[in-house]
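# A closer look at the structure
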2 protein chains.
Amino acid sequence: MRGRRFWLGLALSALASPLTAATPNDIVTGAPASAWKAIDPEELILLTLEGGRQVVIQLAPRFAPVHVANIRTLARAGWFDGAAVTRVQDNYVVQWARPDGGPTRPAGVGAHPPAEYERPAAGLAFRPLGFRDSYAAETGYADGWPVARDGAAAWLVHCYGMVGVGRDMSPDTGDGTELYTVIGQAPRHLDRNIALVGRVVEGMEWLSARPRGTGPLGFYQDKAEALPIRSARLAGDLPVEQRPRFEMLDQASPVFGQWVQARANRKDDFFIRPAGALDICNAQAPIRRMK
Amino acid sequence: MRGRRFWLGLALSALASPLTAATPNDIVTGAPASAWKAIDPEELILLTLEGGRQVVIQLAPRFAPVHVANIRTLARAGWFDGAAVTRVQDNYVVQWARPDGGPTRPAGVGAHPPAEYERPAAGLAFRPLGFRDSYAAETGYADGWPVARDGAAAWLVHCYGMVGVGRDMSPDTGDGTELYTVIGQAPRHLDRNIALVGRVVEGMEWLSARPRGTGPLGFYQDKAEALPIRSARLAGDLPVEQRPRFEMLDQASPVFGQWVQARANRKDDFFIRPAGALDICNAQAPIRRMK
């Protein structure tokens, strides 16, 4: 059927014969339960948008502990209830904040967090991607996060869907009240210039498909364009039966390595010439919802 | 103003003091007329969407001559009048085709074009980017296009906004009746596996912000979701006074080199640590509309 050409090969995975190389999707789908690790509900924030749609964000406390603590305190105080998506810049970022500036910050939210743009590589179980990177000496995974490493320092990488903290010119001014996520080519020049604090694990499309803002930097010129955020809740604060459950493919499992190799060397029917290479932002660790 | 933090530094360019390093935007804005080259109207296709919005695509005849000839023939025959955006897959592609399969192909459209996935590097004025790439031996520019090169072969790169020809499993089956553009992280594994034929030079947001499809591979499940394309016209076929005029920054101009260096080494006020590196898809040649 012309209108539905399966020219990316993915949809054929279900039909794959034993003679056809496993696709990355096949490998993920076939991974045993032991290859998956639960994501801590304390790391999950549920944003409910106007209309009831939900965006789920995983926080990265090991990379930006003070920023993450600020965001948790803000969420618990209801600070994001009444925030809105105020900026959508094509091939760059979607940003949300309180359009009204918001009330006084709740107690415990430091206005001047440290510049958590990198951390010691020591203490992280780093799994190298194994392919060269345009920007960093080395990229790979730590706790399933996309990470770059250079000598003693490690940092999160600005891949599609990563979440960061907006800031002013001074590097210590991003208190977590204004967040953004990447909706285009990885803006890697922002790495180590701004605090990344997490990633969108579900509902990305409710942010990435928003109309682009027509003001400078993609800000909405008309406040009526802003998409209200109804609430932000920590999954760990919900009654157990109401918590969503997510798992990620364990970077320490053999299946993870198979998946990386299959991503780098696509041999399913569609591909004529496997790339033999991979960019960390084209190989974000698989995550699945269990409930 | 909290809601409008200029945390990416771009908006400050207008206020830049002589002590502040020039931003990439400053350099483009300040480029002399001699640094710009007109884009041939024969290379421009104007897609008019339902509602009257327009997407402008530049074709790349030096890279995929047979595919580009097919697309021109199809456009002149009105084949895309009645096409629609039928697929939107988040962080991947937007695709358009005739949902009804379309009428018989017009005379001159070959059903089995050659696999124009790469071309000889000889004959192209190649300007190296000068930074390493995850996928190719070398990247850079040719005629202002993002290009990779490896020995004697050169090929267009799957950056955000590049336009390609959908195909079936066999590499010779993409006749140009089904096109896509990239709306996320550059899917470089598609390089040399599918024919790239152009790029969106204006109106990308009318495609990239479409609701994501909920069917397999992001196809719209309900045909009512598809966004109709009213017409596709070659700019060169319009009366001269109706043609839009576009220019691109000439890769051979000294300003182009300054712009690349500024992109790789952001020193405007916001940046604390210049990357000292650049990915070809984060440095697509500046293009401007003159009329």
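In short, a report on the structure. Worth saying up front: this structure is predicted, and the values here are computed from it rather than measured.

## Quick word on the overall build of chain A
Across its full length, chain A carries four helices and 16 strands. Taking the principal axes of the C-alpha coordinates as reference, chain A spans close to 65 × 50 × 40 Å. Within chain A, the fraction of its 291 residues that count as buried is 59%. Looking at chain A alone, contacts between residues at least 24 apart form 71% of all its contacts between residues at least 6 apart. By element, 53% of the accessible surface of chain A is carried by carbon and sulfur atoms, the whole surface being about 10,900 Å². For chain A, the centre of its 33 positive side-chain charges and the centre of its 30 negative side-chain charges are spaced 5 Å apart.

## Overview of the pattern of salt bridges
If you walk through the whole model with that rule in mind, you get 30 salt bridges over all chains. Of the charged contacts, one joins B:Asp268 and B:Arg266 as a salt bridge, the two residues approaching to 3.2 Å between their closest N and O atoms. Across the pair, exposure class does not vary: B:Asp268 and B:Arg266 are buried alike. When salt bridges that share partners are traced, they join A:Glu42, A:Arg76 and A:Asp237 into one network.

## Points about the relation of the copies chain A and chain B
What relates the two chain copies is a rotation about an axis together with a slide along it. Aligned on chain B, chain A shows an RMSD of 0.0 Å; the corresponding rotation is 180 degrees and the shift along the axis is 0.0 Å. Such a combination of turn and shift is consistent with a two-fold rotation axis. In this assembly, 100% of the residues forming the interface of chain A have copies in chain B that are likewise at the interface, indicating an isologous arrangement.

## Some words on the state of the cysteines
Residue and element names in this part refer to chain A. On inspection of all chains with the given rule, the structure shows two disulfides over all chains. What pairs with Cys159 in a disulfide is Cys281, and their sulfur atoms sit 2.0 Å apart. Taking the torsion about the sulfur-sulfur bond, which here is approximately -80 degrees, the covalent link between Cys159 and Cys281 counts as left-handed. Of this pair, Cys159 sits in the loop between strand 10 (153–156) and strand 11 (162–165) while Cys281 sits in the loop between helix 4 (254–264) and strand 16 (287–289), placing them 122 residues apart in sequence. With a relative accessible area of 0%, Cys159 lands in the buried category.

## Some words on the interface of chain A and chain B
Bring the parts together and some accessible area is lost; that lost area is often taken as the interface size. Facing the 75 residues of chain A at the interface are 75 residues of chain B. For the pair chain A and chain B, the interface holds two salt bridges. At the boundary of chain A with chain B, the tally comes to 26 residue pairs in polar contact (both at pLDDT 80 or more). Mapped by element, the contributors of at least two residues to the side of chain A that touches chain B are strand 4 (84–89), strand 5 (93–97) and helix 3 (205–208) of chain A. By residue class, the composition of the side of chain A that touches chain B is 34 nonpolar, 18 polar and 23 charged.

## Here we look at the side chain of A:Glu116
Residues and elements named next belong to chain A. If you trace the backbone, Glu116 turns up in the loop between strand 5 and strand 6 (119–120). Although Glu116 is buried, it forms no salt bridge, and the closest oppositely charged side chain is Arg119 at an N-O distance of 9.9 Å. A distance of 2.6 Å separates the side chain of Glu116 from the side chain of His67, its partner in a polar contact.

## Observations concerning the side chain of A:Thr181
Considering the arrangement of structural elements, one finds A:Thr181 in strand 12 (residues 179–182). Here A:Gly161 takes part through its backbone oxygen, which lies 3.2 Å from a polar atom of the side chain of A:Thr181.

## Concerning helix 2 (residues 65–76) of chain A
Helix length check: helix 2 of chain A (12 residues) gives 16 Å between terminal C-alpha atoms against 16 Å at 1.5 Å per residue, within 8%. Packing partners of the buried residues in helix 2 of chain A comprise strand 2 (44–49), strand 3 (54–59), strand 11, strand 12, strand 13 (196–202) and strand 14 (227–234) of chain A.

## Quick notes on the sheet that holds strand 16 of chain A
One key point about sheets: their strands pair by backbone hydrogen bonds, in either a parallel or an antiparallel sense. Residues and elements named next belong to chain A. The three strands are arranged 1-15-16 in an open sheet whose pairing can be described as antiparallel. Here the strands that pair on one side only, and so sit at the sheet edges, are strand 1 (36–38) and strand 16. Averaged over neighbouring strand pairs, the angle between their axes works out to 30 degrees when direction is ignored. By the bridge criterion, three bridges tie strand 1 to strand 15 (residues 246–249) in an arrangement that is antiparallel. By the bridge assignment for strand 15, Ala38 is matched with Glu247.

## Focus on unusual backbone geometry
Residues other than glycine seldom take positive phi values, yet A:Leu217 does so here, at roughly 60 degrees. Residue classification places A:Leu217 among the buried positions, given a relative accessible area of 10%. Of note in the backbone geometry, B:Asn91 takes a positive phi value of approximately 55 degrees without being a glycine. Relative to the elements of secondary structure, B:Asn91 occurs in the loop between strand 4 (84–89) and strand 5 (93–97).

## Overview of the pairing of strand 11 of chain A
Residue and element names in this part refer to chain A. Neither face of strand 11 is left uncovered, since the one carrying Met162 and Gly164 and the one carrying Val163 and Val165 both have all their residues buried. In this structure, strand 11 lies alongside strand 13, joined through three bridges in antiparallel fashion. When the sheet's bridge partners are listed, Val163 is paired in strand 13 with Gly198. Two elements, strand 11 and strand 12, share three bridges in a ladder whose sense is antiparallel. Bridge pairing in strand 12 places Gly164 opposite Tyr180.

## Here we look at the sheet that holds strand 3 (residues 54–59) of chain B
Residue and element names in this part refer to chain B. Spatially, 2-3-13-11-12-5-4-14 is the arrangement adopted by the eight strands of the closed barrel, whose pairing is antiparallel. When strand polarity is set aside, the average angle formed by the axes of neighbouring strands in this sheet is 35 degrees. Summarising the sheet, strand 5 and strand 12 (residues 179–182) pair through four bridges and their orientation is antiparallel. Residue pairing for strand 12: Gln95 is matched across the bridge by Tyr180. Contacts between helix 2 (residues 65–76) and the sheet are confined to strand 2 (44–49), strand 3, strand 11 (162–165), strand 12, strand 13 (196–202) and strand 14 (227–234), with strand 14 contributing the most and set at about 105 degrees to the helix.

## So, the environment of A:Ala235
By the element assignment, A:Ala235 lies in the loop between strand 14 and strand 15. Excluding residues that lie within four positions of it along the chain, A:Ala235 makes contacts with A:Pro41, A:Leu44, A:Arg243 and A:Pro244.

Quick notes on the rules
- Residues numbered from 1 in each chain as written.
- Chains lettered and ligands numbered in written order.
- Predicted model: local features only at pLDDT ≥ 70, side-chain atom pairs only at ≥ 80, totals over all residues.
- Heavy atoms only, no water.
- Helix = DSSP H or I, 4+ residues; strand = E, 2+ residues; numbered from the N terminus.
- Buried < 20%, exposed > 50% of the residue type's maximum accessible area, 1.4 Å probe, protein only.
- Contact = heavy atoms within 4.5 Å.
- Areas by Shrake-Rupley, 256 points an atom, 1.4 Å probe, with all protein chains shown as cover.
- Lys, Arg positive; Asp, Glu negative; His and termini not counted.
- Charge placed at Lys NZ, Arg CZ, Asp CG, Glu CD.
- Salt bridge = Lys/Arg side-chain N within 4 Å of Asp/Glu carboxyl O.
- Least-squares fit on C-alpha atoms with pLDDT ≥ 70 in both.
- Disulfide = S-S within 2.5 Å.
- Polar contact = N/O pair within 3.5 Å; in protein donor to acceptor, adjacent residues only side chain to side chain.
- Nonpolar A, V, L, I, M, F, W, Y, C, P; charged D, E, K, R; others polar.
- Expected span 1.5 Å × (residues − 1).
- Pairing = 2+ DSSP bridges.
- Axes fitted to C-alpha atoms, helices over the stretch in contact; angles between N-to-C directions.

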